[in-house]
Amino acid sequence: MKKTSLKKLKGIGPYTLGAILSIAFNQPEPAVDGNVMRVMSRVFHIEEDIAKPRTKKIFEEW
């Protein structure tokens, strides 16, 4: 299954996409939820609000 195919499906966000690819298709893809973002924002001193889309984009691009 290709990542781009799943991304096009309604209701598939970054977390669900990562979970499906890693669990169902054994692809090395992270499933990053709010708890992981909170921890990583503290580790990397990211002070922006993790609930904002532009801050979430930081985590998606890693």
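Scope of this entry: the structure provided in the associated data block. (Residues numbered from 1 in each chain as written. Predicted model: local features only at pLDDT ≥ 70, side-chain atom pairs only at ≥ 80, totals over all residues. Heavy atoms only, no water.)

Moving on to the overall build of the chain. Looking only at helices and strands, one finds four helices and zero strands in the chain. Mapped from its N terminus to its C terminus, the chain presents α and β elements in the order α-α-α-α. C-alpha extents for the chain along the principal axes are approximately 35 × 20 × 15 Å. Here the chain holds 62 residues, and the buried ones make up 18% of them. The long-range fraction of contacts in the chain, counting pairs at least 24 apart against all pairs at least 6 apart in sequence, stands at 10%. Only carbon and sulfur atoms are counted for the fraction: they give 56% of the accessible area of the chain, which is about 5000 Å². (Helix = DSSP H or I, 4+ residues; strand = E, 2+ residues; numbered from the N terminus. Buried < 20%, exposed > 50% of the residue type's maximum accessible area, 1.4 Å probe, protein only. Contact = heavy atoms within 4.5 Å. Areas by Shrake-Rupley, 256 points an atom, 1.4 Å probe, with all protein chains shown as cover.)

What follows is about a nonpolar patch on the surface. A cluster of nonpolar side chains, contributed by V39, V43, F44 and W62, occupies part of the molecular surface with about 440 Å² of accessible area. The class of F44 is partly exposed, set by a relative accessible area of 46%. (Patch = residues over 30% accessible without salt bridge, like charges linked within 9 Å, V, L, I, M, F, W, Y side chains within 5 Å. Salt bridge = Lys/Arg side-chain N within 4 Å of Asp/Glu carboxyl O.)

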